[in-house]
Amino acid sequence: METALTTRRLTLAYDRAIIIQDLNIEIPAHQITALVGSNGCGKSTLLKGLARLLKPQSGTVYLDGVAIVKRSTKDVAKRLGLLPQSPTAPEGLTVRELVAQGRYPHQSWLQQWSEEDDRFTNQALAITGMGELSDRPLDSLSGGQRQRAWIAMALAQNTEILLLDEPTTFLDLAHQIEVLDLLYDLNQTQGRTIVMVLHDLNQACRYADYLVAMRQGQIYAQGNPAEVMTEVMVQEVFGLKSRIVTDPVAGTPLCIPISKKMAVNQSYLASGS
Amino acid sequence: MGVSAGYGEYSISPLDVIKTLLGLQTDNPDYEFVIHTLRLPRMMTAFLVGIGLAIAGTILQGLTRNPLAAPEIIGVESGAGLAAVSLIVLFPSVPLFVLPIAAFLGALITALLVYGLSWNGGSSPMRLILIGVGVGAIASAFTSLMITFGNIYDVSQALVWLAGSVYGRTWQHVQALLPWLMVLIPISFVWARELNTLNLGDDVARGLGSAVGWQRGFLLLVAVALSGASVAVAGTIGFVGLMAPHLARQFVGTAHEGLIPTAALLGGLIVVLADLLGRSLFAPIEIPCGVITAAVGAPYFLYLLYQNRNA
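Residues numbered from 1 in each chain as written. Chains lettered and ligands numbered in written order. Predicted model: local features only at pLDDT ≥ 70, side-chain atom pairs only at ≥ 80, totals over all residues. Heavy atoms only, no water.

Within chain B, the regular secondary structure consists of 14 helices and zero strands. Ordered by position in the sequence, the α and β elements of chain B form the string α-α-α-α-α-α-α-α-α-α-α-α-α-α. Across the 311 residues that make up chain B, the buried fraction comes to 55%. Sequence-distant contacts, at least 24 apart, represent 73% of the contacts inside chain B between residues at least 6 apart. (Helix = DSSP H or I, 4+ residues; strand = E, 2+ residues; numbered from the N terminus. Buried < 20%, exposed > 50% of the residue type's maximum accessible area, 1.4 Å probe, protein only. Contact = heavy atoms within 4.5 Å.)

Next comes the structure, spelled out in structure tokens:
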């Protein structure tokens, strides 16, 4: 398996509080990887570590087999794009201005704005369907449109690897699917490597080729969603009883939580499960 | 600006102002003295000071992502003020040309102190503002202390300077300020792009390959140098660094390539206008332009606070 990002005994901490200790992971190239786990399990921290936003306390992140800290941050930005969780833009910034920011790592003192920058900006606007809204200020858009604008910025960066921290938070269901479909398309048509933190297990199973379940800063299970997604895993990682069935639409695993308080439907018990 | 050169205790018609500036003959030989020696350097100083403060404010607002940031907010102007007042009160015999240097050093030390204290494995915008306000308050307190205990003559001199005025500024003052601006303005133009990126927040900026830590430090230094040099020449003229970027944003939006020059121009005009008003409102009594900008700027600051109450 070709890997895009690898960590060796990676330890990440905020000040003294160690979040992730001695973690080894191999992110497969040209695939969609989803990181899942309960709140505070360290999945966002791991994503930050992979994106060299957080300096490891010990251990190393490798990008293309080279330690990421040894490469210049602009070089890394040409290979790896990042969308943090709920980013904010200054008031009045237009969609086009935001998307154009994605070209930053490709520019220098001498080479300011080029035709290529123009091309990738327009392309990113077109792919995300933001072309018509490109002159609108970001703060006048809906949550879904805003999120698409940010994704467009990451696309304009034109990196092989895209890391996204909860790209679907604060979006309604239709917009969640819209954003995930967009990422799926990018992976399918352009072979981009996508790593994202997701809260919704069923969406993770549906869209990811590779599922990573985390617990207390460690990897609990990783692999094909069909193998990783088990009732035992949901119990151990989320502390939640559940049934795993097959998603009637996508054929991927579907997690049905079992409530502790509400009565279970009689016909469910009668079916002998 | 033509009006500013013409209007005053000694009125000159706009036409004669233009004639004098172009070196043409006018009916009154006094015009040349009034315009070239008194009004023009004063106006130029006001304009340049406004430019310096406006660019400093634009940079600070961009890199802290805080619409309320300005040289006077992060304590830089108070630091410069303290240094200058200390000099006036403690060493009254020191020649006047030392004053600007002291003010600049005061601004620099305050900025380094604020930046050092707010550095916590990284530099968060909110910490920077809070510590800036705190350090600024301490500097102002020490300034008040100096004024309370100082010799009455020295104190009155210090108070005039503290209020922010371009009264009696000569071509020497313009010459003292101009080199700073000629270096710092082009730097701020070139770094506009970096400011755009920093303006998206630390994580996004790092993700885009921006070296956030030292870029913020460098831009902070540029802003400090601009405000220090301006304060050194004209004292603490408040709220220009706060107002000019906001007004400029109404015209050209948030991209710093357009914002910096527009804010600079507006800042310059604001101080020139404030000086003109200060000279003419209660003539022959002159009100320092710093008082005028504060009278307009303080309500504007409250309005911004009110607007940002939910942010």
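There's plenty left to go through after this.
What follows deals with unusual backbone geometry. Trans peptide bonds make up the majority, and among non-glycine residues the majority have a negative phi. Phi is positive for A:N158, close to 55 degrees, though the residue is something other than glycine. Tracing the sequence through the fold places A:N158 in the loop between α5 (143-156) and β7 (161-165). On the accessibility criterion, A:N158 (29% relative accessible area) is partly exposed. Located in the positive-phi region is B:F239, a residue other than glycine, with phi close to 70 degrees. Along the chain, B:F239 turns up in the loop between α11 (212-234) and α12 (240-252). A relative accessible area of 18% places B:F239 in the buried class.

With that settled, consider the packing of α5(A) against helix α6 (residues 173-190) of chain A. All names here are of chain A. Relative to each other, α5 and α6 sit at 15 degrees, their axes nearing to 10 Å. Compared by their axis directions, α5 and α6 come out roughly parallel. At the point where α5 passes α6, the crossing takes the right-handed sense. Residues G144, Q147, R148, I151 and L155 of α5 form the contact with α6, whose own contacting residues are H175, E178, V179, L182 and L186. Among the residues making up the contact of α5 with α6, the classes are represented as five nonpolar, three polar and two charged. (Axes fitted to C-alpha atoms, helices over the stretch in contact; angles between N-to-C directions. Parallel < 35°, antiparallel > 145°, perpendicular 65-115°, else oblique. Left-handed = near helix turned anticlockwise from the far one by under 90°. Nonpolar A, V, L, I, M, F, W, Y, C, P; charged D, E, K, R; others polar.)

All names here are of chain A. Across five bridges, the pairing between strand β11 (residues 242-246) and strand β12 (residues 253-257) is antiparallel. Across the sheet, the residue bridging to I244 is C255, located in β12. Counting the residues that bridge the hairpin from β11 to β12 gives six residues, and of these G251 lies at a positive phi of roughly 80 degrees. (Pairing = 2+ DSSP bridges.)

Between chain A and chain B, the contact holds 29 residues from the first and 19 residues from the second. Of the roughly 2,000 Å² buried between chain A and chain B on both sides combined, carbon and sulfur atoms contribute 54%. Broken down residue by residue, the surface that chain A buries against chain B is led by A:Q101, A:Y104 and A:W109, which jointly contribute 32%. The tally of links from chain A across to chain B stands at one salt bridge. With a closest N to O distance of 3.5 Å, A:K48 and B:D203 form a salt bridge. Our count for the chain A to chain B interface comes out at eight residue pairs in polar contact (both at pLDDT 80 or more). (Buried area = accessible area lost by both parts, 1.4 Å probe. Salt bridge = Lys/Arg side-chain N within 4 Å of Asp/Glu carboxyl O. Polar contact = N/O pair within 3.5 Å; in protein donor to acceptor, adjacent residues only side chain to side chain.)

Let us now look at the sheet that holds strand β3 (residues 32-37) of chain A. Sheets are built from strands that pair by backbone hydrogen bonding, the pairs being arranged parallel or antiparallel. All names here are of chain A. The six strands lie next to each other as β6-β7-β8-β3-β9-β10, forming an open sheet whose pairing is mixed. Each edge of the open sheet carries a strand with a single partner, namely β6 (80-83) and β10 (218-223). The sheet shows a mean angle of 15 degrees between the axes of neighbouring strands, taken without regard to direction. Sheet analysis places β3 next to strand β8 (residues 193-197), joined by four bridges and oriented parallel. In the sheet register, A34 faces β8, and the bridge partner there is M196.

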